Amino acid sequence: MEPTDGEKLPSVSSLVTVFEDSRTLEAAPRVHGLGDTQHPPGLRLPPSPGPWETPPEEAPGSQPRTVSRSYLNSLKDKLSSGAWRRSCQPGTQPVSGTQEPEEKRIVRELLETEQAYVHRLHLLDQVFFQELLRESRSSKAFPEEVVRLIFSNISSIYQFHAQFFLPELQRRLEDWTTTPRIGDVIQKLAPFLKMYGEYVKNFERAAELLAAWAEKSPPFQEVIARIQSSEASGSLTLQHHLLEPVQRIPRYELLLKEYVRKLPPGAADRPDAQRALDVIFSAAQHSNAAIAEMERLQDLWDVYQRLGLDDDIVDPSNALLREGPVLKISFRRRDPLERYLFLFNNMLLYCVPRVLQVGAHFQVRTRIDVAGLKVRPLPNSEFPHSFLVSGRQRTLELQARSQEEMISWMQACQAAIDHIERRNETFKAAVQGPEGDAQEQELQSKELGHRAPQWVRDKMVTMCMRCQEPFNALTRRRHHCRACGYVVCARCSDYRAELQYDRGHPHRVCAACYTFLTGCVLPEDREERKRGILRKGATAGPESSVMSGFLQLLGDRWGRSGSRSWCVIPQDDPLVLYIYAAPQDMRALTSIPLLGYQVTAGPQGDPCTFQLQQSGQLFTFRAETEELRSRWVEVVGRAAGGVIPGGPDMAMLSD
């Protein structure tokens, strides 16, 4: 079988050559010292190739063609395919003498191919393996351990077939007249075929070692070339012979399937043969699983090398689900940062690409356990395609390059979460909250300190979210509470509490979280100030405001122009316009009672402006778009006319 053109050709598999389902037993130049190689006792080689072995069209000395790794993988697909046997059906072979039952001819074919197979196992174990071991011990030109790694457990496979399986088949065929059955023999010995899993798993590694040491060690290459040119090798390379055990299990299944199909109805051997076929199929699946496991471990090792082989993350039981670049939305910087994610079945690695990619390509910043992970999209107009990943160790606001990529990441994370939940029924991961839940600033009491919070971005507030005092660069700077994620001043966050999501290490927290987490009541050092009329939180969500969004105040009552402000008409006070410095502020800069104001168009030439005018007072606002300007004019006009919105249609006007 040839690999298709569309399949990839990994570098390691270029060492493996085409087996082509063909063998040649023609004479080749003999080499002194190998012609007298002893063969296993009772071994009878067939005088001609078996029914499934066609003579090669090329000369024995021609160069073998290379094959891709997909040829090895295609063995898994042959379990359910009959293509191998279309040209080699037992009934198509010429039979001399008396016509014998078809099932017996299949058993004879099984015996003949088993004899040829044991001969090749003998060549691998007793010739190649032993000769290389002797050379290694005598010359010390290459390590003995390398030889053992190349041939894996070939000695155990050879002993099983030469001493048990082949003699049983020979005896049963000789006694076919009295005992016309083979299913019980295969059923008894087939479980031992699972030892092929170790050999198949080691096959690619063996090919790598064989190529490397054949290039660096002339004595190693000389021994192999000497044996390959012998008559016993049949002009085939060592790579060909090493591939033979990989193909043997599918061959057993195909022959046994044909044997069961040819058995007469009501044959005594049918139940045993069917059970033997099931055992053979299990062994084939075991080999296929070994191939898949080998590929998984190889891919996992490549990832670990890119991560620097950190002991905390190297685990052979992990499975890589997805990897790729993302953008990290920063709490302090305006532009997002380039980051890289590796999603495994049990953890999410948040990494930073290294500038000098010598050795490790990425530096692991945070490891977030999948257990307890939550993921949901973020309704953020400034950063489209953004989503939230909230874990026990850290909460991240990430931005994908497209909507499809964002959905793909969220689906992969949710699949990993569901898998963890199914495996560990005692732990119930927190369900994903509804979209637009005010960014989940108020964590549930059972989660406070047990899950890393989502931090409020610095530019979203201009005053402390606890005491409502304005921030400045010198005397009142911004700090984040590590328990709730609020932006607070130093006075309101001058406390430390142990947080369970960081293994009980103490962190800076605000006064409210300190009281909740420790149970300590803080002394009242000053009287509670009365709540002013401007101390109304900037309710940015459409569920709590009639209209909200950014507006620029171009001229106030003193003729001054300001920067862009967050303006809100709350539902619980629908006739007043509150102006905040930032969306998360707890106290407004000013408020405008809208009742009695006239709403007019702005100066000519600027379609995004509108004005509020009353008794000599004039306010000019600029919206971000003409559409938003129209919506603001409609809402403010109703409020100025004393119309209190109560229907659900008004809520749709919120930005």
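Just so it is clear, the structure is predicted and the values come from calculations on it, not from any experiment.

### Here we look at the overall build of the chain
- When its secondary structure is counted, the chain shows 13 helices and 18 strands.
- In the chain, which comprises 655 residues, the proportion classed as buried is 47%.
- Taking the intrachain contacts of the chain between residues at least 6 apart in sequence as the baseline, contacts between residues at least 24 apart amount to 62%.
- In the form shown here, the chain has an accessible surface area of approximately 33,200 Å², with 51% of it arising from carbon and sulfur atoms.

### Points about the packing of helix 3 (residues 144-151) against helix 6 (residues 196-216)
- Orientation of helix 3 relative to helix 6, taken along the N-to-C sense of each, is 135°, at an axis distance of 7 Å. With respect to helix 6, the axis of helix 3 lies oblique. Seen from helix 3, the contacting residues are V146, L149, I150 and F151; seen from helix 6, they are Y199, N202, A206, L209, L210 and W213.
- For the contact of helix 3 with helix 6, the class distribution of residues is nine nonpolar, one polar and no charged.

### Some details on the pattern of salt bridges
- Enumeration over the complete set of coordinates arrives at 22 salt bridges.
- E244 serves as the salt-bridge partner of R120, at 3.5 Å between the closest nitrogen and oxygen. With a gap of 124 residues between them, R120 in helix 2 (residues 102-139) and E244 in helix 8 (residues 238-262) connect regions that are remote in the sequence.
- Residue R120 is classed as buried on the basis of its relative accessible area, which comes to 8%.
- Across the pair R622 and D606 runs a salt bridge whose closest N-O atoms are separated by 2.8 Å. Pair noted here: R622 is in strand 18 (residues 617-622) and D606 is in the loop between strand 16 (598-601) and strand 17 (609-614), with a separation of 16 residues, a long-range link.
- For D606, a relative accessible area of 21% puts it in the partly exposed group.
- In the salt-bridge network here, residues are joined through shared partners; they are R181, D269, D272 and R275.

### Comments concerning the environment of Y158
- Mapped onto the secondary structure, Y158 falls in helix 4 (residues 154-174).
- On the basis of relative accessibility, which here comes to 6%, the residue Y158 falls in the buried class.
- A sequence separation of 36 residues divides Y158 from H122, and the C-alpha atoms of the two residues are 6.6 Å apart.
- Engagement of the side chain of Y158 in a polar contact is seen with the side chain of H122, the distance being 3.0 Å.

### Let's talk about the packing of aromatic side chains
- The final tally for this structure, using the stated rule, is 13 aromatic pairs.
- Here the aromatic rings of F342 and F362 are separated by 5.5 Å at their centres, their planes lie at 80°, and the arrangement is edge-to-face. Of this pair, F342 sits in strand 2 (residues 337-344) while F362 is found in strand 4 (residues 362-369), placing the two residues 20 residues apart along the sequence. Each member of the pair, F342 as well as F362, carries the same accessibility label: buried.
- Look at F550 and W566: their rings are 4.8 Å apart centre to centre, the planes differ by 75°, and that puts the pair in the edge-to-face class. In this pair, F550 sits in strand 12 (residues 545-555) while W566 sits in strand 13 (residues 564-570), placing the two residues 16 residues apart along the sequence.
- Among the residues examined, F550 registers a relative accessible area of 21% and is labelled partly exposed.
- Cluster of aromatic residues (ring-pair linked, three or more members): F160, F165, F192 and Y252.
- Over the ring of W213 we find K216, and its NZ or CZ is 4.5 Å from the ring centre.

### Here's the deal with the pairing of strand 2
- Most of strand 2 sits out of view: seven of its eight residues are buried.
- Strand direction decides the pairing type here: strand 1 (residues 320-328) and strand 2, joined by eight bridges, are antiparallel. The residue bridging K328 from the neighbouring strand is L337, located in strand 2.
- Alignment of strand 2 against strand 3 (residues 347-353), held across four bridges, turns out to be antiparallel. Residue pairing for strand 3: F342 is matched across the bridge by L349.
- In this antiparallel pair of consecutive strands, strand 2 and strand 3, the connection spans two residues.

### Digging into the nonpolar core
- Counting 65 residues, the largest nonpolar core has I150, F151, I186, L193, L242 and Y259 as its most contacted members.
- Put simply, the parts of the chain that give this core at least two residues each are helix 2, helix 3, helix 4, helix 5 (183-189), helix 6, helix 7 (218-228), helix 8 and helix 9 (270-306).
- Per element, the largest residue contribution to this core is 14 residues, and it comes from helix 2.
- Here L193 is in contact with F160, H161, I249, Y252, I280 and A283, once residues within four sequence places are set aside.
- Residues C464, C489, L499 and C513 belong to the second largest nonpolar core, which totals 23 residues.

### Focus on the environment of P570
- By the element assignment, P570 lies in strand 13.
- Taking the C-alpha atoms as reference points, P570 and S548, 22 residues apart in sequence, are found 8.1 Å from one another.

Reading the values: the criteria
- Residues numbered from 1 in each chain as written.
- Predicted model: local features only at pLDDT ≥ 70, side-chain atom pairs only at ≥ 80, totals over all residues.
- Heavy atoms only, no water.
- Helix = DSSP H or I, 4+ residues; strand = E, 2+ residues; numbered from the N terminus.
- Buried < 20%, exposed > 50% of the residue type's maximum accessible area, 1.4 Å probe, protein only.
- Contact = heavy atoms within 4.5 Å.
- Areas by Shrake-Rupley, 256 points an atom, 1.4 Å probe, with all protein chains shown as cover.
- Axes fitted to C-alpha atoms, helices over the stretch in contact; angles between N-to-C directions.
- Parallel < 35°, antiparallel > 145°, perpendicular 65-115°, else oblique.
- Nonpolar A, V, L, I, M, F, W, Y, C, P; charged D, E, K, R; others polar.
- Salt bridge = Lys/Arg side-chain N within 4 Å of Asp/Glu carboxyl O.
- Polar contact = N/O pair within 3.5 Å; in protein donor to acceptor, adjacent residues only side chain to side chain.
- Phe/Tyr/Trp six-rings, centres within 6.5 Å; stacked < 30°, edge-to-face > 60°.
- Lys NZ or Arg CZ within 6 Å of the ring centre and 35° of its normal.
- Pairing = 2+ DSSP bridges.
- Core = buried A, V, L, I, M, F, W, Y, C linked by side-chain atoms within 4.5 Å.

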